[in-house]
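Examining the three-dimensional arrangement
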Amino acid sequence: MLKDLKILNGELSLKFDPLNTRYTVNMTTEDTKLELEYEIDEDDEISIFGNSLDGQDDLVVISVYNDEDMMSYYLEINPLESENVNMEQDYFASLEVDSNKEIPGYVAPLIAGVCFLIILFFFAILFKKRKITK
């Protein structure tokens, strides 16, 4: 029985437990072979089958055996494709500004006058003196 198992070029889906025999390994590299670090008893032997990864339905079987019993661990390989999440783009470079068009000189005073009239209108409505009738 395996005492400890570590995947050097991937990540186990669960923490290793010697009694659990099925694991999923998430591969983050483009390796064609699973790099394992394991610990077994002195009188046990180990054999690894299917450790040549081709990217499709990869299953690595680790068998630990001695004269009396045998235990196999199944590692299903899940290759993760790295994606570039931060797609840095220069949005300002694609922005086209037509510098030939100029704003006429009367636009700024017109906007200021309209804003002043709107403020004056609301001020008159809010603070209008009301006659108190008895």
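1. Some details on the layout of surface pockets
Considered as a void within the structure, the largest pocket measures approximately 160 Å³ in volume. T29, E30, D31, G55 and P79 are, among the 11 residues lining the largest pocket, the residues nearest its centre.

2. Focus: a nonpolar patch on the surface
Judged by side-chain polarity, Y106, L110, V114, I118, F121, F122, F123, I125, L126 and F127 come together as a nonpolar surface patch covering roughly 1,100 Å² of accessible area. Within the secondary structure layout, V114 lies in helix 2 (residues 107–126). Given the relative accessible area of 42%, V114 is considered partly exposed.

3. So, the pattern of salt bridges
On inspection of all chains with the given rule, the structure shows one salt bridge. Put simply, K3 and D41 hold a salt bridge, and the shortest N to O gap is 2.9 Å. Taken together, the positions of K3 in the segment before strand 1 (4–7) and D41 in the loop between strand 4 (36–39) and strand 5 (45–49) put the pair 38 residues apart, joining distant regions of the chain. Its relative accessible area of 31% is what places D41 among the partly exposed residues.

4. Details of the sheet that holds strand 7 (residues 70–79)
Here we have five strands laid out as an open sheet, ordered 2-3-7-6-5, and mixed in their pairing. Edge positions in the sheet fall to strand 2 (10–12) and strand 5, since each of these pairs with one other strand and no more. Put simply, the sheet's adjacent strands are angled 25 degrees from each other on average, direction ignored. With six bridges connecting them, strand 3 (residues 22–27) and strand 7 associate as parallel partners. Paired with R22 across the two strands is Y74, which belongs to strand 7.

5. Remarks on the nonpolar core
Residues L5, I7, V25, L34, I62 and L75 are the most contacted members of the largest nonpolar core, which totals 17 residues. When near neighbours in sequence (up to four residues on either side) are disregarded, L75 contacts L5, I7, L12, Y23, V25, L34, L36, D58, L59, V60 and I62.

6. With respect to the side chain of D58
In this fold, D58 is placed in the loop between strand 5 and strand 6 (59–65). Among buried Asp, Glu, Lys and Arg side chains, D58 stands out as unpaired, with R22 the closest opposite charge at 14 Å. The residues contacting D58, other than those within four sequence positions of it, are S52, L53, L75, E76 and I77.

7. As for the packing of aromatic side chains
One pass over the full model with this rule turns up four aromatic pairs. Centre to centre, the rings of F16 and Y73 are 6.0 Å apart; their planes meet at 50 degrees, and the pair counts as tilted. Here F16, found in the loop between strand 2 and strand 3, pairs with Y73, found in strand 7; they are 57 residues apart in sequence, far enough to count as distant. The two residues F16 and Y73 agree in class, both being buried. Three or more aromatic residues joined by ring pairs make a cluster, and in this case those are F16, Y23 and Y73. The ring centre of Y74 lies 4.9 Å from the NZ or CZ of R22, which sits over that ring.

8. Looking at the environment of Y23
As for its placement among the helices and strands, Y23 is situated in strand 3. Classification of Y23 by relative accessible area gives buried; the value is 3%. Between the C-alpha atoms of Y23 and A124, which are 101 residues apart in sequence, the distance is 75 Å. Residues contacting Y23, with those up to four places away along its chain left out, are L12, S13, L14, K15, F16, D17, Y74, L75 and E76. Looking at Y23, its side chain comes within polar contact range of the main-chain nitrogen of D17, at 2.7 Å.

Rules and cut-offs
- Residues numbered from 1 in each chain as written.
- Predicted model: local features only at pLDDT ≥ 70, side-chain atom pairs only at ≥ 80, totals over all residues.
- Heavy atoms only, no water.
- 1 Å grid on protein atoms, 1.4 Å probe; cavity = no way out; pocket = protein on both sides within 12 Å on 5 of 7 lines; lining within 4 Å.
- Points joined across faces, edges and corners; volume = space filled by probe spheres on them.
- Patch = residues over 30% accessible without salt bridge, like charges linked within 9 Å, V, L, I, M, F, W, Y side chains within 5 Å.
- Areas by Shrake-Rupley, 256 points an atom, 1.4 Å probe, with all protein chains shown as cover.
- Salt bridge = Lys/Arg side-chain N within 4 Å of Asp/Glu carboxyl O.
- Helix = DSSP H or I, 4+ residues; strand = E, 2+ residues; numbered from the N terminus.
- Buried < 20%, exposed > 50% of the residue type's maximum accessible area, 1.4 Å probe, protein only.
- Pairing = 2+ DSSP bridges.
- Axes fitted to C-alpha atoms, helices over the stretch in contact; angles between N-to-C directions.
- Core = buried A, V, L, I, M, F, W, Y, C linked by side-chain atoms within 4.5 Å.
- Contact = heavy atoms within 4.5 Å.
- Lys, Arg positive; Asp, Glu negative; His and termini not counted.
- Phe/Tyr/Trp six-rings, centres within 6.5 Å; stacked < 30°, edge-to-face > 60°.
- Lys NZ or Arg CZ within 6 Å of the ring centre and 35° of its normal.
- Polar contact = N/O pair within 3.5 Å; in protein donor to acceptor, adjacent residues only side chain to side chain.

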